[in-house]
Each structure stands twice: as C-alpha cells, then as structure tokens.
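Here are the chains, one letter per residue:
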Amino acid sequence: GALVTPGRDLGDAAPTLPYEPVVCEGCQAALNPYCSVDYYGKTWRCSLCDGLNKLPRNYEQISENNLPAELFPTYTSVEYTMTNKTPTAPCFVLCVDCACGSAEELQDAKDSVMQLVSLLPEDAFVGLVTFGSTVRVHELAETNGAMRRSYVFRGTKDCEQEDLRKMLGLDFNRQRAGMNGMNGMNGAAAMMPNGVDAKPVRRFVAPISECEFTLQSVLDEVTLDEEKTERGKRALRAMGAAISIAAGLLAESHSSQGGRVLTFTSGPCTVGPGAVVGTDMSENLRSHQDLEKNAAKHYKEACKVYNAIGIRLATNSHTLDVFACSLDQVGLAEMKIAVDQTGGNMILAEQFRAETFRQSLAKMFARDPKTGALEMKFNGTFSVFCTPQIMVCGAIGPISALAVKSQRISENEIGLGQTTSWRMCSFTPTSTIAVYYEVVNQHSNPIPNGQPFFLQFCTRYKTSDGQIRLRVTTVARRWVESSLAPEIVGGFDQEACAVLMARIATFRTENEESFDLLRWLDRTLIRVGAKFGEYQRDAPDSFRMPPSMSIYPQFIFHLRRSQFLQTANNSPDETAFYRIMLSRETVTNSLVMIQPTLLSYSFNGPPQPVLLDVSAITPDTILLLDSYFLIVAHRGSTIAAWHKAGYQDQPEHEAFRALLAAPVRDAKALAADRCPTPRLVECNQGGSQARFLLAKLNPSATHNTDLGYGQSGGEIIFTDDISMNVFVDHLAKLAVSS
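To start, this report covers the structure provided alongside it.

## Brief notes about helix H4 (residues 208-221)
Three or four residues apart is the spacing at which side chains of an α-helix point the same way, because the helix has 3.6 residues per turn.
1) Next: If you check H4, its first and last C-alpha atoms are 19 Å apart, about what 14 residues at 1.5 Å a residue would give, namely 20 Å.
2) Next: Along H4, the largest kink reaches about 30° and is centred on Thr-214.
3) Next: Where H4 is concerned, the buried positions are Ile-208, Cys-211, Thr-214, Leu-215, Ser-217, Val-218 and Leu-219.

Pasting the structure below:
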C-alpha cells in the first residue's frame, strides 16, 4: 500500500510548470524522470506501460543538456498549470440553526458565521439558509429599498431539485438570462422588471464583496424559531431538509465548481428527512448498544437520506461541513457518510463561543502565505497508475469512487475499489489517501531480481483563486526474488503499515463486528511474526522481531485498545468523528491518534519521552499526553500538593513556576497547527480527570497484579485489559508454535 498527501506543500522539491503535461496514449500516465527518451527520434517510452509515444512539437529542442523540468531526476513530483477559460470563485452556502436553546446561543452562532465570512476571499460567493421547524432561503441581492424576501419550505418533506428551481423562480431567471445574451459572471447584468438581477440564482448567491452588508443585515433579523418548544419536547429542527435544499441551491449556482455547505447546528434533526430522534424527550438518542441490537429506529432511514445527499454533493464536486456545538449528540454518526465522501470537516464543541471552536474555524480557512489563496483545494480528482504486475485494490480516505475502468483493477476490493480514479471534492494540505495494491505476476513469467517498477499518482484540483493545477508524483521501487529477502525487511515502513492496517480496520467497522476485526488484526500480526521474526521453533523466549519491525506489534496493541475499534465510553457521534479523522490525516498525526506520545517534566533536566505505561506516573513529575484530540497535562501527587499550596506564587520558587508552565506552553504549541483544535486538560494524580491519561496507558500494574497500591508513589489501573507484555508473550508463543 501507499499513503499519499497530494495537497502538501513541497516547496522547491516540486516546481510549478506553466504548461500542461505530456501523457502516454496507452495508459494516460504523465511523462516523468523514469521514462526513457530518444532525443533524436523525438519519442519517449512510458515507464508504466512500456508504450512508445511521440513528443509534441514544443519539445523539439529537447536534448540531454536541455531537459524539461519533468525529466529532471530530482523532480519526481511536479505541478502543472492547466488552462481554465472560465475561472470561478468557490461558493459557500451557510446553513444556520435557528432552533437554538436561547437567544444568546443563536447570537453566538451568528457571530461564528460572520467570523467565517470574514475569513473568506472577497470574490467568493456566499448564500444563506436558516432552519428550525421550516427551512428558509434568504435573498442577498440588493433590493434598492424594497422589502427583502425569504422563501419558506416545509421541513417535514424533502424538496426535489426541480421543485426547488420552481419555488425559487430559477427557471424563469435562466430563460431571461438566455434571452438577454448573458454569459456567466462576466455578462452585463440584465434586470428584471422589479429591479432584481436576472443572473441565475444571483438573488440568493452573491460575491461577498457585494453582499457582506446585506448578509449581516439578514442575519441580524434572524430570530429564534417561531415554533415554541413545549415542556418535555425537543425543538423542531429540520436539518436534513435544510442541507438538501442548500445542496440544491449550490448545484444551481456552482455545478462542478468548488462549493461547500457549511452547517451550524446546536442539536439533532428531529423532523423531516434525516431525523435521528423524535421530539419527545422520553425517547433517548441512540447509543452503541442500540445500534448493535438494531434498536435505533431512525438510524437506517437517516443514513439512507444523508447517503443520498452525499452522492448529490459529490456528483457536483461539493462538500458538506458540520459544525456541531451541543452538549448532546446531533446525529454525526448518520451524517458521517455524507461528510466523508465529500471531504468535509466535522468540528465538535460545547458552545459556539468556545475558544477551541473559533480557533478551529480560523485554521480551517487559513490562507497560503505565498499566494494568499485559501489552503483548502476544491474539485479534485485523484488517479493512480501502475506497472502491469500490480493491480489496484482500492483506496480509503476523504474520497468518492469514480466509474473509471482499467486493466489494473484487482478483484480483491479494499475500501473503495473497482476503479483507479476517485473524486476529492475538497482537501487540505494534510489530507492523506491510503491506496492498496496487489501483486499479480504469473509464476510462469518470473520478474528478474532488481528490476524496477513504478507507481504514479495524479491529482487535479482547483485553488480558491480559480487556477487549475495537476500534481504528478512518480515513485520507483525494485523487485526482489523472495519475500524473505533482507531488502524487504530492511525497507519495511512499520509506521505506514500500522496506519494502512488501522484504516482497513476502521473502514470495515461499518459492516463487521469489532470482535471479528480484532481477531483479524491478531491473525495478521501472528502471520507477520511467524514469517519475519527471528526465533527457534517452539521456543517463545527466542522470539525477536527485526529492528525495522520492532515497534509494529506495539502499534497493533494500542490500535486494539483505541477508540477507533472500542466504543465503550464514547457516543456514536464521537466514534464517527474519531474514525473520520483517522481516515484522512497524515501518517504522523494518525500514529499519534493510535499510540499517543508521553513526555515527562521534572527538576532533573529537560522534558524526556517516556513509555506509554502506568509506571511513568510518579509523584514528582508532570506528564504531557498528546492523543491528538486531547492533550493532558498530569501533575504527580507531590507536584499537585505544592501547586495547591501556592508555592509557584512565591519568588523563591521560580524553578517550580517554570516547571508548571513548560508543559502548558508545549501543549499550546502542539495544538497550534491542528484542525480541529484539541482540548487541553490539566489534572492531578488521583483526580477525576486523570482518567483521560489512565485510559491510554499500558496497564502493566493493575488491581490484579502483586504490586501494592501506590508502591514507589506510582499508580495502578483498575482494568481487566491485558498489558503489553502479556500481548507480546502471546504473540511469541503463537508465532513460534509448530
């Protein structure tokens, strides 16, 4: 397998070329440094399919001393600038919940919306949809003093695209636009008799530079939903219908252009399509136990609705983002499929005014310091090419499959398979796709030892300033005679392998039992140990993993215990959020999610990394746990007592004050680059919030072991989970058995 981060800034390692690529007529792969070129015959041979191609006319001056950049040996990644005759700024449709619990909460939501608008480019288009018991689509066009209108839709039923078009009068506008000879954004503004701009949907979707004041005015006029919530009832919230209408509006305005539906919600959908719970408070939101027993009566129908919305959005290259600020669940487990296949973001917080939520919004819409465009990319297509001996099994990530057929498609499907191209409606510099391959060479046609093979990844996308780019990355590896060859073991990337396995496991949780997945992980690890481990038959004490694989069992141990496969103490919404993040982050970030890092701070020197084990807890140290979603600063009992006594406020204890400040400062530095912003928890040994640390530690000392409680000031964990040592001992025993 391979993990590809197509949006990463490669700096000088990937030049931007002001022309389009030369592609192979046979397999459509791009010209790259591994292709052989005949400088005299002006032909080149594709490194992937071995097809012979002619060079285009503009390559006539090519020679060994005059190479185009894509043939430089150091430029295995290049980026091409594609022609775009009609550059269009992206569109953002804001979907705002009016069924909030109080006017203050609604005002916080409005403030968050305007914060988001202030982060967008001035030429970006914006639309506004609000929802409660009904759904309203607001006009943002200048009305020259006339009353501004909003169109009200029933929240209890879905609105088809054709009905939406008729209700908003878009068909009539389109005909008038055609009659007046309009041509998109650049045409002269034909005016209707009532003075309204006749461009399609421009009454509802307009550039920020033209409608920011109007948008602010409309938001100021938005009030809490008129339907009063009875005692013991939930608010009527037609979120599913609102998202569907927003997706329809976006399809009318920016079909196959960059666009996002940004949903701000303070609670679950309770009426209409996509409802996840009834209005009666006596009906609880579904739990994991309900899902396991098929007792969640709304779940399957809601999933079907959001899946259909996701397909509609992905077909038009649009994205769904959900910003959920609530103390309870809001239905993210049902919405996950739509968010995932469109490359959208989920941000969870307790309040719209929460600092972590505001910071997450700012990071999501960060700008590229070089170009000033948004870092997020739009309307992407990710394609893979490979040599004939390799087949593509599938891919896992923030993608949706395209119906692109090829001879390189494997029957063994992993993730989204049966294609070699996927749509990436939206992605960021950290979005990472896992691609899975299968070697299918016939035994009657052996491959010579040392012969190279090649893989190519092509990502076409749009930037927020309207440019179209194509990034091409080509990698080369060599075949070896045996799977036991030292080159295989020496070149094994245990970090990438752990992430690839974690993605397969979390992808399969949608349709398989957690118990079966744990058994599958165990069997796979045992096979790896039996094949590559160093041992004597039936002698477990002699078992050793080679250095390049030594940490791999450790990753699998922590993956088995992680929130991605274990659902205890998490709601379905939280589990959906964790899984969606694991399926898209970089290798480094994913490893931190699987196996958190642990630093120890003491008076004895600088911070030291320590084992993720309960033995790391000592009275005179501060531990900093980074689990990606949560950063915990844990004070040992002695440090906590000194802190409670206020020693840090006394001038003679400057060193203690510095010791307390160091982990908090480092935690803020870790959180600075992450989106969503992780939560920082400061706790003391023995305190209630110390559970966040204890849940991640290897339980080498439990209530069942012989160690006395508090021995050497340490800690024990009350759990029946096995420890890392027991896990590795079982692995050794099973791997060496005959």
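## Here's the deal with the environment of Ala-349
1) Next: By the element assignment, Ala-349 lies in strand S14 (residues 346-349).
2) Next: Residue Ala-349 is classed as buried on the basis of its relative accessible area, which comes to 11%.
3) Next: Sequence spacing of Ala-349 and Val-587 is 238 residues, and the spatial spacing of their C-alpha atoms is 25 Å.
4) Next: If we ignore the near neighbours within four places in the chain, the residues touching Ala-349 are Ala-324, Cys-325, Ser-326 and Phe-357.

## Describing unusual backbone geometry
1) Next: The omega angle of the peptide bond from Cys-675 to Pro-676 is 0°, so this bond is cis rather than trans.
2) Next: In this fold, Pro-676 is placed in the loop between helix H17 (654-671) and strand S28 (679-684).
3) Next: With a phi angle near 65°, Asp-50 is a residue other than glycine that sits in the positive phi range.
4) Next: Of note, Asp-50 is situated in the loop between strand S4 (43-45) and strand S5 (52-54).
5) Next: Within the chain, Asn-379 stands out as a residue other than glycine whose phi angle is a positive 50°.
6) Next: Take Asn-379: it is sitting in strand S15 (residues 377-386).
7) Next: For Asn-379, a relative accessible area of 16% gives the class buried.

## Looking at the sheet that holds strand S21 (residues 468-478)
1) Next: Pairing within the open sheet is mixed, and its 7 strands lie in the order S2-S6-S21-S20-S15-S18-S17. In this open sheet, the two strands that pair with only one neighbour each are strand S2 (16-17) and strand S17 (400-401).
2) Next: Alignment of S15 against strand S20 (residues 452-462), held across 7 bridges, turns out to be antiparallel. Along S20, the bridge assignment pairs Phe-385 with Gln-456.

Calculation criteria
- Residues numbered from 1 in each chain as written.
- Predicted model: local features only at pLDDT ≥ 70, side-chain atom pairs only at ≥ 80, totals over all residues.
- Heavy atoms only, no water.
- Helix = DSSP H or I, 4+ residues; strand = E, 2+ residues; numbered from the N terminus.
- Expected span 1.5 Å × (residues − 1).
- Bend = angle between axes of the 7 residues up to and from the residue.
- Buried < 20%, exposed > 50% of the residue type's maximum accessible area, 1.4 Å probe, protein only.
- Contact = heavy atoms within 4.5 Å.
- Pairing = 2+ DSSP bridges.

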